[in-house]
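Topology and contacts: notes
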Amino acid sequence: MEPATTTDSITVIEHANFAVSDRSGDIHPGSYHGFFADDTRFLSRLALRLGGKRLEPLSTVTDDHGQATFYLANPRLGRIPPSSLVVIRDRAVTDRLTERIRLISYAPEPVRLRLTVTVGADFADIFEVRGWRRLTRSISTDRTERGLTFQYAHRGYRRLTRVGADRHAVGHDGDLSFDATLARGVPWDVTLTVDPSREAERGPRRTPPTARLREPERVRDWLRAAPRLHTDDPRLAAAWRHAVTDIASLLLSVEGGGFIPAAGMPWYMAIFGRDSTITSMQTMLMDHGELVDGTLRQLAAYQGTRVDTFREEQPGKIPHEVRNGELAALEHVPHGRYYGSVDATPLYVLLFLRAARWVGWLRQAAAGPLLARPSSTHGPMPEWLTPALPAVRAAMAWIDATADADGLIWYHRPHRGGIRNQVWKDSNDSYRFADGRIADLPIAAVEVQGYVVAARAGWAAVLAGLGDHEGAALQRAAATRLAATIEAAFWMPQAGTYAMGLDRRRRQIDAVTSNPGHLLWAGAIPNDRARAVGERLTAPDLFSGWGIRTMSAQMAAYNPISYHNGTVWPHDNSLVAAGLARYGQGAAAWRVIDAQLDAAETDPAHRLPELFAGFDRRTTSDLVRYAVACAPQAWSSGAIALAVETLLGVEPSGRAPRLRSLSAGPRVELEPVRIGGWRGALATTRDDAAASTAPPLTERRPA
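Just so it is clear, the structure is predicted and the values come from calculations on it, not from any experiment.

A few words on the side chain of Thr277. Along the polypeptide, Thr277 turns up in helix H4 (residues 273-282). Looking at Thr277, its side chain comes within polar contact range of the main-chain oxygen of Gly273, at 2.8 Å. Here Arg274 takes part through its backbone oxygen, which lies 3.0 Å from a polar atom of the side chain of Thr277. Those residues within four positions of Thr277 in sequence are excluded, and the remaining contacts are Thr295, Leu299, Leu347, Tyr348 and Leu351.

Listed below in structure tokens is the structure:
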């Protein structure tokens, strides 16, 4: 999901509506700036001028994702000296963009001047902004004494932008001009509103996605209910605090209750099957079930029901991406409901299984190899999980239908408009051999096979709990068979790790990468292999000092600023750290978490971005940012939540959860926590004791 442009910008956002501008608050045409709603840019120009001149930026304050304040000063304006006037732009995004512009003069005498706001709308689809070829649009403009309306229609698809002011405006074309007389110290204000409007006489052939509900009060309730973290590590305290607010900024309301997390700000404020499921699994300690519930239901609503090559839809398949823009609605691109990922479907099953385990109904191994101990269930299935069962059955049926004779799941690209690599490393050049050659499709990615092992093993326990013992036996046998296939087909003895995939000739794609770390998270490999993989992942060629690289520095294709061939991804590291802890490698897990906390501390917002460069920390002491990284990114924010869970070593048990805290790392206390029917506080232990309400820390740091 690599965006096409760099960002040195300010983003103001609520739900799927957002405004991107420069640090003066101006929105420039021909760039990635704009006010966006429903994957459409409803405002492509917003420029403020005093006396015909641009203003000088002083400062920008963005304490809240939905608001920003821009402080500016005047250049020399004739006889008016520079910095005699202060301009304050208070911007907020809800279902509209609102901006109050305040002028304050500190000149000794009254000042008369003209404020001009230039606006425009191009109605570009989000895909066009990110680099897809631009459509030619005929846009009409209507003026009133207090605003402008821009309108566009094509094949029954209509979009309008109404720009209004609370003062009389003059001007021509896209200008709104206001004459102001300023007395010293007396504020002069004008408020602008930008209202997007969309309708369609006819949409795509398929039913379009449901509207993204705006329920800010529910998001605020979620924020208020989030657990508080107390720790003696100030890096973790700050990172947790900001991760909570970042996750809240990315929540999309689901009809009937719950949330599904959008992938990232600003370009991926949409549903992504892979990102949403992983984030919901990462944040179960942070959440009280609303992300799990909303994600399971929303993705089930979009689950594939037929064969459609254009969308790459198949019965039971979970969507990769759901969009609402013009290109998707009119089927220029398949992303109105696009199914081009091979991992979203088993990850959906894993989310269901993790939820079942979280409430204590599914008893599944939380440490070591998943298949070492049979899983089981306890009592009747919780009522809130039952509605997801048909979708999980359909997802497992897709896995059964897609797997080859050895149980492997492969991906290919049915048409040129689809994604080439349909896994989390989805850039075109991400699957390479050690010598740098790009692997041919179809590909069997190693981490996907691990997800399927875990999905089959867990589903076997669910079927047994529902009385289908024959189906359970078949699934467990299939999980065992696939685990053996991973061992036989992917293990690379000389490298001491697993291949990242198999190519169309079933040759090992032998580049050393972070992908096998996901096998640890899934519990899909034996203990001895897990030790070897852990040692390989934390060796200097993979571990940069800021985290585990996506590709070893010894590989021919390694590039520390390549999207998937040498950078460091926090979500990837969080899954690896959790997997290391699963196999008892606590010191290695803490080493990864510690490096990621150092990375977060370098950011003014204590935020882990989508990814950053993989330079060696010993020789490049600065953390080098990746220019087009989204921030916040859902699963990068979720990485902090999963790090806390890993430090605590939470094992739901149906009653009070057990903790198998890492032998290394800071003291952590989290409250209030809800795991199934249990409520209380969790704190790190060093003796694997059962957890209940834990004693307070001697010296608390507010989180």
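Turning next to empty space enclosed by the protein. Under the definition given, this model contains 9 cavities of 30 Å³ or more. Volume-wise, the largest cavity comes out at about 70 Å³. Lining the largest cavity are Pro570, Asn573, Ser574, Ala577, Val592, Ile593, Gln596, Leu597, Leu608, Ala639, Ile640 and Ala643. Sorting the residues of the lining of the largest cavity by element identifies helix H13 (570-582), helix H14 (586-601) and helix H15 (634-648) as the ones contributing at least two each. Of the residues in the lining of the largest cavity, the class split is 9 nonpolar, 3 polar and no charged.

Let us look at the packing of aromatic side chains. Tallying each qualifying case throughout the model produces 14 aromatic pairs. Ring geometry for Phe18 and Trp267: centres 6.0 Å apart, planes at 80°, overall edge-to-face. Here the residue Phe18 occupies a position in strand S2 (residues 17-21), and Trp267 occupies one in the loop between strand S18 (259-261) and strand S19 (271-272), the gap between them amounting to 249 residues. According to the relative accessible area criterion, Phe18 is buried, its value standing at 4%. The interplanar angle of 80° and the centroid separation of 5.6 Å between the aromatic rings of Tyr268 and Phe272 together place this pair among those described as edge-to-face. Counting every residue linked through ring pairs, the aromatic cluster contains Trp424, Tyr563, Trp569, Tyr626 and Trp635. Lying over the aromatic face of Tyr152, Arg137 brings its terminal NZ or CZ to 5.3 Å of the ring centre. Here the guanidinium or amino end of Arg591 rests over the ring plane of Phe543, the centre of that ring lying 4.2 Å away.

The next thing to look at is the pairing of strand S3 (residues 34-37). Strand residues, when the strand is regular, have side chains that alternate between the two faces of the sheet. Burial of the side chains of S3 extends over both faces: Gly34 and Phe36 are buried on one face and Phe35 and Ala37 on the other. As paired elements, S2 and S3 share 3 bridges and run antiparallel to each other. Of the residues in S3, the one forming a bridge with Ala19 is Phe35. Examined bridge by bridge, S3 and strand S4 (residues 40-43) share 3 bridges and lie antiparallel to one another.

As a further point, take the packing of helix H3 (residues 234-249) against H14. Between H3 and H14, the shortest axis-to-axis distance is 9 Å and the interhelical angle comes to 70°. Between H3 and H14, the interaxial angle falls into the category roughly perpendicular. Like other packed secondary-structure pairs, H3 and H14 cross with a definite hand, here left-handed. For the pair H3 and H14, the contacting residues are Arg235, Leu236 and Ala239 in the first and Trp590, Asp594, Leu597, Asp598, Ala600 and Glu601 in the second. Classifying every residue of the contact of H3 with H14 by side-chain character gives 5 nonpolar, no polar and 4 charged.

Two pairing modes exist for strands in a sheet, parallel and antiparallel, and in both the strands are linked by backbone hydrogen bonds. With respect to topology, 3 strands assemble into an open sheet ordered S23-S26-S27, the strand pairing being antiparallel. Two strands lie at the open edges of the sheet, namely strand S23 (444-445) and strand S27 (508-509), each paired on one side alone. Pairing analysis gives 2 bridges linking S23 to strand S26 (residues 501-502), with the strands arranged antiparallel. Bridge pairing in S26 links Ala444 to Leu502.

What counts, and at which threshold
- Residues numbered from 1 in each chain as written.
- Predicted model: local features only at pLDDT ≥ 70, side-chain atom pairs only at ≥ 80, totals over all residues.
- Heavy atoms only, no water.
- Helix = DSSP H or I, 4+ residues; strand = E, 2+ residues; numbered from the N terminus.
- Polar contact = N/O pair within 3.5 Å; in protein donor to acceptor, adjacent residues only side chain to side chain.
- Contact = heavy atoms within 4.5 Å.
- 1 Å grid on protein atoms, 1.4 Å probe; cavity = no way out; pocket = protein on both sides within 12 Å on 5 of 7 lines; lining within 4 Å.
- Points joined across faces, edges and corners; volume = space filled by probe spheres on them.
- Nonpolar A, V, L, I, M, F, W, Y, C, P; charged D, E, K, R; others polar.
- Phe/Tyr/Trp six-rings, centres within 6.5 Å; stacked < 30°, edge-to-face > 60°.
- Buried < 20%, exposed > 50% of the residue type's maximum accessible area, 1.4 Å probe, protein only.
- Lys NZ or Arg CZ within 6 Å of the ring centre and 35° of its normal.
- Pairing = 2+ DSSP bridges.
- Axes fitted to C-alpha atoms, helices over the stretch in contact; angles between N-to-C directions.
- Parallel < 35°, antiparallel > 145°, perpendicular 65-115°, else oblique.
- Left-handed = near helix turned anticlockwise from the far one by under 90°.

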